[in-house]
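Residue strings, one per chain:
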Amino acid sequence: MALIITDECINCDVCEPECPNGAISQGEEIYVIDPGKCTECVGHFDEPQCQQVCPVDCIPLDPDRKETHDQLLAKYHMLTVVKV
């Protein structure tokens, strides 16, 4: 699953720099996560780093975007492939 940022977001800006895939950006009102780039930190870390630093616990799994560990790992490989 990709992660989402809920309306409880206080725009504190601590999650954005923690994302190793650059999936988090400032939206119109709150930060948002690009599900095409979110791997839940699979391939980088054992736990999603944005969830670890969020002071208001507003970054749950997105129930509409179910992905297995293998799918997340494949997305990680696709995002980190070195293009020659």
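Parameters and conventions
Residues numbered from 1 in each chain as written. Predicted model: local features only at pLDDT ≥ 70, side-chain atom pairs only at ≥ 80, totals over all residues. Heavy atoms only, no water. Helix = DSSP H or I, 4+ residues; strand = E, 2+ residues; numbered from the N terminus. Expected span 1.5 Å × (residues − 1). Buried < 20%, exposed > 50% of the residue type's maximum accessible area, 1.4 Å probe, protein only. Arc of directions from axis to C-beta. Core = buried A, V, L, I, M, F, W, Y, C linked by side-chain atoms within 4.5 Å. Contact = heavy atoms within 4.5 Å. pLDDT = per-residue confidence, 0-100. Patch = residues over 30% accessible without salt bridge, like charges linked within 9 Å, V, L, I, M, F, W, Y side chains within 5 Å. Areas by Shrake-Rupley, 256 points an atom, 1.4 Å probe, with all protein chains shown as cover. Salt bridge = Lys/Arg side-chain N within 4 Å of Asp/Glu carboxyl O. Lys, Arg positive; Asp, Glu negative; His and termini not counted. Charge placed at Lys NZ, Arg CZ, Asp CG, Glu CD. Polar contact = N/O pair within 3.5 Å; in protein donor to acceptor, adjacent residues only side chain to side chain.

With twelve residues, helix H2 (residues 69-80) extends 16 Å from end C-alpha to end C-alpha; this agrees with the ideal 16 Å at 1.5 Å per step. Among all positions of H2, only Leu72, Lys75 and Tyr76 are buried. Taken down its axis, H2 places every buried residue within 105° of arc, on the same side. Summarising the geometry of H2, the exposed residues directed more than 90 degrees from the buried face are Asp70 and Met78.

Attention shifts here to the nonpolar core. Ile5, Cys15, Ile24, Ile33 and Ile59 are the most contacted members of the largest nonpolar core, which totals 16 residues. Residues contacting Ile33, with those up to four places away along its chain left out, are Leu3, Ile4, Ile5, Ala23, Ile24, Cys38 and Ile59.

Okay, the confidence of the model for the chain next. This prediction gives the chain a mean pLDDT of 94; 96% of its residues lie at or above 70. For the chain, per-element mean pLDDT is lowest for H2, which scores 94, and highest for helix H1 (residues 49-53), which scores 98.

Together, Asp7, Glu8, Glu28 and Glu29 make up a region of like negative charge exposed at the surface. Considering the arrangement of structural elements, one finds Glu29 in the loop between strand E1 (24-26) and strand E2 (31-33).

Bringing the pattern of salt bridges into the picture now. For the structure on display, the rule yields two salt bridges. Put simply, Asp62 and Arg65 hold a salt bridge, and the shortest N to O gap is 3.7 Å. Classification of Arg65 as partly exposed rests on a relative accessible area of 42%. Linking Glu67 and Lys75 is a salt bridge whose minimum nitrogen-to-oxygen distance equals 3.0 Å. For Lys75, a relative accessible area of 10% corresponds to the buried category.

Turning our eyes to something else, we now look at the environment of Glu8. Within the secondary structure layout, Glu8 lies in the segment before E1. The contacts of Glu8, once residues within four sequence positions are left out, are Val56 and Cys58. One polar contact links Glu8 to Thr6, side chain to side chain, over a distance of 2.4 Å.

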